[in-house]
Amino acid sequence: MSETLENLLHETRQFPPPAALAATANVTAAAYEEASADRLAFWERQARRLDWAKEWNQVLDWSNPPFAKWFVGGQLNVAYNCLDRHVAAGRGDKVAIYWEGEPGDTRTITYADLHRMTCQAANALTALGVTAGDRVAIYLPMIPEAVVAMLACARIGATHSVVFGGFSVEALTNRIQDADAKVVITADGGYRRGKAIALKATVDQAVSRCPSVEHVLVVRRTGEEVTWTDKDLWWHETVEQASDQHEAQPFDAEHPLFILYTSGTTAKPKGILHTTGGYLTQVSYTTWAVFDLKPETDVYWCTADIGWVTGHSYIVYGPLSNGATQVMYEGTPDTPHKGRLWELVDKYRVSILYTAPTLIRTLMKWGDDIPAQYDLSSLRLLGSVGEPINPEAWMWYRKHIGHDRCPVVDTWWQTETGAIMISPLPGVTVAKPGSAMAPLPGISADVVDDQGNPVPNGGGGYLVLREPWPSMLRTVWGDDQRYIDTYWSRFPGMYFPGDGAKKDEDGHIWLLGRVDDVMLVSGHNISTTEVESALVSHPAVAEAAVVGATDPTTGQAIVAFTIPRSHVDTSGTAGEALIAELREHVAKTLGPIAKPRQIMLVPELPKTRSGKIMRRLLRDVAENRELGDVTTLQDSTVMDLIAKGMRARKSDED
Ligand code: 6R9
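Everything in this summary refers to the structure shown in the same document.

The rules behind these values
- In every chain, residue numbers begin from 1 and rise along the written sequence.
- Local features in a predicted model are, by the rule used here, given only for residues with pLDDT of at least 70; side-chain atom pairs are given and counted only at 80 or more, and totals for whole chains, interfaces and linings are based on all residues.
- With hydrogens and water excluded, all non-hydrogen atoms of the structure serve as input to the side-chain values.
- Salt bridges are identified by distance alone: a Lys or Arg side-chain nitrogen within 4 Å of an Asp or Glu carboxyl oxygen.
- The helix count covers DSSP runs of H or I at least four residues long, the strand count covers runs of E at least two residues long, and both are numbered beginning at the N terminus.
- We call a residue buried when its accessible area falls under 20% of the maximum for its residue type, exposed when it is over 50%, and partly exposed in between, using a 1.4 Å probe and counting protein chains only.
- Only the stretch in contact is used when fitting a helix axis, every axis being a line fitted to C-alpha atoms; angles between N-to-C directions are given from 0 to 180 degrees.
- Each angle is binned into one of four classes, with values under 35 degrees roughly parallel, values over 145 roughly antiparallel, values of 65 to 115 roughly perpendicular, and all other values oblique.
- In this scheme, a crossing is called left-handed if the near helix is turned counterclockwise away from the far one by less than a right angle; it is called right-handed if the turn is clockwise.
- Note on definitions: a residue-residue contact is assigned when non-hydrogen atoms from the two residues lie within 4.5 Å.
- Throughout this entry, Asp, Glu, Lys and Arg are counted as charged residues, while Ala, Val, Leu, Ile, Met, Phe, Trp, Tyr, Cys and Pro are counted as nonpolar. The remaining residues, Gly among them, count as polar.
- Any residue with a heavy atom lying within 4 Å of a molecule or strand is counted as near it.
- By the criterion applied in these results, polar contacts are pairs of N or O atoms within 3.5 Å in which, for protein atoms, one can donate a hydrogen and the other can accept it, and in which residues neighboring in sequence qualify only through two side-chain atoms.
- For accessible areas, the Shrake-Rupley method is used with a probe of radius 1.4 Å. Any residue's cover is judged against the shown protein chains and nothing else.
- Only centres within 6.5 Å qualify two rings of Phe, Tyr or Trp (six-membered ring in Trp) as a pair; their planes then separate them into stacked at under 30 degrees, edge-to-face at over 60, and tilted for everything else.
- Distance and angle both matter: a charge sits over a ring if NZ of Lys or CZ of Arg is within 6 Å of the ring centre and within 35 degrees of the ring normal.
- By nonpolar core we mean a set of buried residues, namely Ala, Val, Leu, Ile, Met, Phe, Trp, Tyr and Cys, connected to one another through side-chain atoms within 4.5 Å.
- What the arc measures is the spread of directions leading from the helix axis to the C-beta atoms.
- Strand pairing is assigned whenever DSSP detects at least two bridges linking the two strands.

1. Quick notes on the pattern of salt bridges
Reasoning step 1: Inspection of every chain in the model, using the stated rule, returns 43 salt bridges.
Reasoning step 2: Of the charged contacts in the structure, one is a salt bridge between Asp51 and Arg85, with a shortest N-O distance of 3.6 Å. Here Asp51 is found in the loop between helix H3 (39–47) and strand S1 (58–64), whereas its partner Arg85 is found in helix H4 (residues 78–91), with 34 residues between them in sequence.
Reasoning step 3: Given a relative accessible area of 14%, Arg85 falls into the buried group.
Reasoning step 4: Of the charged contacts in the structure, one is a salt bridge between Asp334 and Arg193, with a shortest N-O distance of 3.2 Å. With Asp334 in the loop between strand S17 (325–329) and helix H12 (340–348) and Arg193 in the loop between strand S9 (189–192) and strand S10 (195–198), this residue pair connects regions lying 141 residues apart in the sequence.
Reasoning step 5: Among the charged side chains, a network of salt bridges with common partners joins Glu100, Arg340, Glu343 and Lys347.

2. A look at the packing of H4 against helix H11 (residues 309–321)
Reasoning step 1: Running from N to C, H4 and H11 point in directions that differ by 50°, and their axes come no closer than 9 Å. The orientation of H4 with respect to H11, classified from their angle, is oblique. As H4 runs across H11, the sense of the crossing is left-handed. Seen from H4, the contacting residues are Val78, Asn81, Cys82, Arg85 and His86; seen from H11, they are Tyr317, Leu320 and Ser321.
Reasoning step 2: Taken together, the residues of the contact of H4 with H11 sort by class into four nonpolar, three polar and one charged.

3. Regarding the site of the ligand
Reasoning step 1: The local shell around the ligand holds 17 residues, among which Trp308, Asp410, Thr411, Thr415 and Arg514 are the closest.
Reasoning step 2: Within the backbone of Gly386, a nitrogen or oxygen atom sits 3.1 Å from a nitrogen atom of the ligand.
Reasoning step 3: Between a nitrogen atom of the ligand and a side-chain N or O atom of Asp410, the distance comes to 2.7 Å.
Reasoning step 4: Considered on its own, the ligand offers 530 Å² of accessible surface; in the complex 93% of this is hidden by protein.

4. Some words on the environment of Thr108
Reasoning step 1: The topology assignment puts Thr108 in strand S5 (residues 106–110).
Reasoning step 2: For the pair formed by Thr108 and Gly572, sequence separation is 464 residues and the distance between their alpha carbons is 52 Å.

5. Some points on the packing of aromatic side chains
Reasoning step 1: Enumeration according to the criterion identifies 30 aromatic pairs in this entry.
Reasoning step 2: Considering the side-chain rings of Tyr314 and Trp413, the 5.1 Å spacing of their centres and the 85° angle between planes classify their relative orientation as edge-to-face. Here Tyr314 is found in helix H11, whereas its partner Trp413 is found in the loop between strand S20 (408–410) and strand S21 (445–448), with 99 residues between them in sequence.
Reasoning step 3: Three or more aromatic residues joined by ring pairs make a cluster, and in this case those are Trp62, Phe67, Trp469, Tyr483, Tyr487, Trp488 and Tyr495.
Reasoning step 4: Directly above the aromatic system of Trp99 lies the positively charged group of Arg107, at a separation of 5.9 Å from the ring centroid.
Reasoning step 5: Lying over the aromatic face of Tyr462, Arg490 brings its terminal NZ or CZ to 5.1 Å of the ring centre.

6. Regarding the nonpolar core
Reasoning step 1: Ile185, Phe291, Ile306 and Tyr317 are the most contacted members of the largest nonpolar core, which has 135 residues in total.
Reasoning step 2: The dominant element in this core, judged by the number of residues it contributes, is helix H6 (residues 144–156), at 10 residues.
Reasoning step 3: Excluding its chain neighbours within four sequence positions, the residues that come into contact with Ile185 are Leu125, Val136, Ala137, Ile138, Tyr139, Leu140, Ala149, Leu217 and Trp235.
Reasoning step 4: If you look at the next biggest cluster of nonpolar residues, it comprises 54 residues, including Leu344, Leu376, Leu379 and Leu535.

7. Comments concerning helix H15 (residues 480–487)
Reasoning step 1: Of all the residues in H15, the buried ones are Arg482, Tyr483 and Tyr487. Buried residues of H15 fall within an arc of 105° about the axis and therefore sit on the same side.
Reasoning step 2: The inward-facing, buried residues of H15 contact strand S2 (67–72), strand S15 (270–275) and strand S23 (475–476).

8. Re the pairing of strand S11 (residues 215–219)
Reasoning step 1: Counting buried positions along S11 gives four out of five residues, so the element sits mostly inside the fold.
Reasoning step 2: Note that S11 and strand S12 (residues 232–234) share three bridges and pair parallel. In the sheet register, Leu217 faces S12, and the bridge partner there is Leu233.

9. Some details on the sheet that holds S11
Reasoning step 1: The strand order across the open sheet formed by eight strands is S12-S11-S8-S6-S7-S14-S15-S23, and the pairing between neighbours is mixed. Bordering the open sheet on either side are S12 and S23, each of which pairs with just one other strand.
Reasoning step 2: Two elements, strand S7 (residues 159–162) and strand S14 (residues 256–262), share two bridges in a ladder whose sense is parallel. Along S14, the bridge assignment pairs Ser161 with Ile259.

10. Notes on the sheet that holds strand S22 (residues 460–465)
Reasoning step 1: With respect to topology, four strands assemble into an open sheet ordered S21-S22-S24-S25, the strand pairing being antiparallel. Of all the strands in the sheet, the pair left with one neighbour each is S21 and strand S25 (509–514). Taken pair by pair, the neighbouring strands of this sheet meet at an average axis angle of 45°, ignoring direction.
Reasoning step 2: Packing of helix H16 (residues 528–536) onto the sheet brings it into contact with strand S24 (499–503) and S25, and relative to S25 it is tilted by some 105°.

This is the structure we're talking about:
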């Protein structure tokens with residue numbers, strides 16, 4: 001990418017915080033001032049939200065950048081902070097998790113229950129020879145045992161590596177091998193779209209290629225038949241028979257807590273390493289600050305999978321360290337019907353909902369009438385994470401889910417950052433649809449040009465983080481050089497997350513997608529996000545993905561893949577007319593430079609399991625290439641559908 005990103009999209013709508021929420025908000029504007037007056041003292045105060053067995057003697061050691069140490073000399077136990085201290089304070093009977101299985105079976109788990117289950121799992125893992133510093137791979141569906149397994153590892157100082165329950169043998173094998181995991185925790189299977197999906201057979205194949213694995217613990221979820229090897233142990237015959245008495249030992253603030261592999265590329269997966277004290281400090285603080293969480297009265301629900309960093313930070317460690325009550329759901333939002341999420345919001349009186357733009361756009365596609373059938377009056381705050389949220393999707397979320405009553409917080413962060421970094425504060429910020437707005441108190445973010453100089457307001461470029469933060473990754477597992485090269489080499493002295501961004505006229509930050517996806521059209525750098533948002537702002541469009549395809553005249557040309565809303569007629573000439581109208585609509589909204597060369601109407605888009613659009617695959621289609629690596633796709637049949645549509649169109653044109 002040369003120079004800067006064009007700033008094409010202009011959004012003028014603004015939404016101040018609801019007065020009642022602002023009046024009782026956990027965090028006020030004073031937090032920004034406190035943090036900028038003394039950043040380290042600010043984080044030190046947030047660390048005191050936790051129970052430490054031993055106080056630190058230095059807040060930050062940054063003497064050997066980019067290798068940071070936070071709360072040096074401090075000691076704590078993560079599971080103790082998520083469980084024991086709540087039970088000890090008399091909150092053992094408070095519900096930690098309302099769990100809802102996809103088939104409709106339910107479990108209500110209190111903090112005392114979760115504590116007992118975690119102690120049993122900690123004892124069972126110890127009996128299997130797992131000690132502090134060992135790695136444990138977790139490959140489970142969205143069942144409470146996934147939370148228990150993670151907390152049990154944290155409790156005994158073992159480092160967990162959660163692998164998405166949908167990943168292939170190949171992906172699982174690589175991840176077990178890279179971390180040298182000693183134990184794998186899995187299940188016979190889980191439920192998805194009304195079917196039992198087997199997991200154990202995948203683990204068997206992977207483990208046969210992973211000599212480091214000594215034992216496999218198997219949770220019985222579906223009851224389907226599984227083959228058994230001599231490494232296998234049933235969870236109910238080991239963990240559930242173990243003692244529920246376990247004394248948590250404190251670990252060093254920099255003790256490894258987990259490895260999480262980032263997905264999406266063909267390269268060897270990167271094991272992102274997070275440690276104990278700084279990570280828990282920032283996830284705990286941000287859960288309380290960004291969601292305005294009131295643990296006594298709120299019912300919180302994050303729809304992420306546990307295998308995504310969002311599940312780690314905002315299902316397990318953030319909410320539980322705050323003593324929250326939350327909903328956890330096993331299945332997909334369309335099973336057994338497309339109102340399932342809203343049925344659950346109503347049933348459990350959910351007050352805080354945290355989800356992803358991909359889901360919001362899918363809900364838009366299904367139609368406004370579905371959420372309208374449910375009582376959503378318990379909701380008071382909505383969050384979004386995972387991709388830039390298109391202004392129109394933001395407006396839809398605010399109107400049809402939040403009934404214009406709930407603030408929407410668009411939260412930018414990454415696996416690598418561990419916790420939310422850029423987001424509105426719900427009781428403070430006057431939000432703009434589509435903008436993550438400003439770095440949180442204690443975080444220093446900026447947008448810079450090619451040379452690393454800050455861009456002026458109104459300009460676009462690269463997002464950077466200027467100062468270390470408590471929940472930052474500490475390295476790439478086993479590869480310090482890759483850590484330096486990937487994140488700290490593009491701009492000296494700054495962390496580069498790989499995202500493009502712009503500052504608007506007021507200095508607020510808008511994320512523009514991965515810089516690898518930026519298109520260069522006739523010498524102009526154009527972000528995929530802005531063109532997609534322009535398409536989504538048309539009433540016929542629910543979702544769009546654009547890519548730059550090689551073009552003899554313009555260098556790259558914009559090719560758009562667009563999912564129409566369910567009521568839209570796309571047959572024959574109506575489809576042709578819609579495409580022509582959409583091309584004009586983009587040109588009108590953003591300027592003629594952004595007019596797509598080609599628009600394809602498609603039923604689905606290729607996505608990762610966390611819902612991110614895989615533009616790389618769409619580029620392959622747009623340029624008539626063989627498809628690259630599809631192992632991290634959520635649904636591999638989607639690409640066949642799109643490629644078929646593309647070929648049919650081409651032969652029409654020929
Ligand atoms: C938490 C998570 C990280 C990448 C990140 C960026 C994109 C996430 C976003 C967002 C715009 C937001 N991203 N949140 N882009 N606005 N609110 O998603 O982690 O899976 O590691 O992905 O996701 O491109 O760099 P991860």
